Amino acid sequence: VFVSLFYAPLYPLGLFFASFCFLYTYIVDRYMLMRTWSKAPPYDAKLAKDAIKIIVCCIMAHLVVASTWYSEWPFDMAIKLENGAFAYYDKLSLIRGIFQFFRIDQPIWMSNDQYNLTLIFVRCCLFFCVAFGIFSSVFVMHFYVRSLFIGYVPKLTEDQHIPFSSISKIKAYVPMCSPCSDLV
């Protein structure tokens, strides 16, 4: 996924090759799962959460790389001046390369279509990065605020008929009563 997204601006047909590879992998894995492999180990939700984080990072890297490639096209260092002559222009210098991503004015080597496409990629990338940052910070804040009010008490034994005074881990007593037993 990462390689196909990384090179998608230069070779869009690579996305179809990646789709074919996914289909082939699915067919082979399905056959192997049903015919030859043993039972899979139990997985929890952490695997899916880690995959989501990796995919989000791949999308952000794709947007940054694609906007950089589209903004620096063509990759030669020659630009055509108004009088028809060609001149050397260092598009890949370190200082301009760092700030090229946030550039507002149209460079002299860019066509209008190239400039508009670069602006679209830059705006999408900034929106995606800000949205991901907000979502991540809200999720982290929710986790920490929730942990202030909701605790986790592990199951101590199979038989829960343990006197409260014999448990050293519990700091407060929370009475548990069923509503039906009070009415009888």
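A few points on the structure. (Residues numbered from 1 in each chain as written. Predicted model: local features only at pLDDT ≥ 70, side-chain atom pairs only at ≥ 80, totals over all residues. Heavy atoms only, no water.)

## Considerations on helix α3 (residues 45-71)
Then comes step 1: Along its 27 residues, α3 runs 39 Å from first to last C-alpha, staying within 8% of the 39 Å computed at 1.5 Å per residue.
Then comes step 2: Listed in full, the buried residues belonging to α3 are V56, C58, M60, H62, L63, V65, A66, S67, W69 and S71. (Helix = DSSP H or I, 4+ residues; strand = E, 2+ residues; numbered from the N terminus. Expected span 1.5 Å × (residues − 1). Buried < 20%, exposed > 50% of the residue type's maximum accessible area, 1.4 Å probe, protein only.)

## A closer look at the side chain of Q114
Then comes step 1: Among the secondary structure elements, Q114 is positioned in helix α5 (residues 112-149).
Then comes step 2: Looking at Q114, the relative accessible area reads 11%, which means it is buried.
Then comes step 3: Those residues within four positions of Q114 in sequence are excluded, and the remaining contacts are Y70, S71, E72, W73 and W109. (Contact = heavy atoms within 4.5 Å.)

## With respect to the layout of surface pockets
Then comes step 1: There is about 340 Å³ of room inside the largest pocket.
Then comes step 2: For the largest pocket, the full set of lining residues is K46, K49, D50, I52, K53, V56, F132, F135, S136, F139 and V140.
Then comes step 3: At the level of secondary structure, the elements contributing two or more residues to the lining of the largest pocket comprise α3 and α5.
Then comes step 4: Tallying contributions element by element places α3 first for the lining of the largest pocket, with six residues.
Then comes step 5: Looking at side-chain class alone, the lining of the largest pocket contains six nonpolar, one polar and four charged residues. (1 Å grid on protein atoms, 1.4 Å probe; cavity = no way out; pocket = protein on both sides within 12 Å on 5 of 7 lines; lining within 4 Å. Points joined across faces, edges and corners; volume = space filled by probe spheres on them. Nonpolar A, V, L, I, M, F, W, Y, C, P; charged D, E, K, R; others polar.)

In short, shape yes, function no, at least from these values alone.
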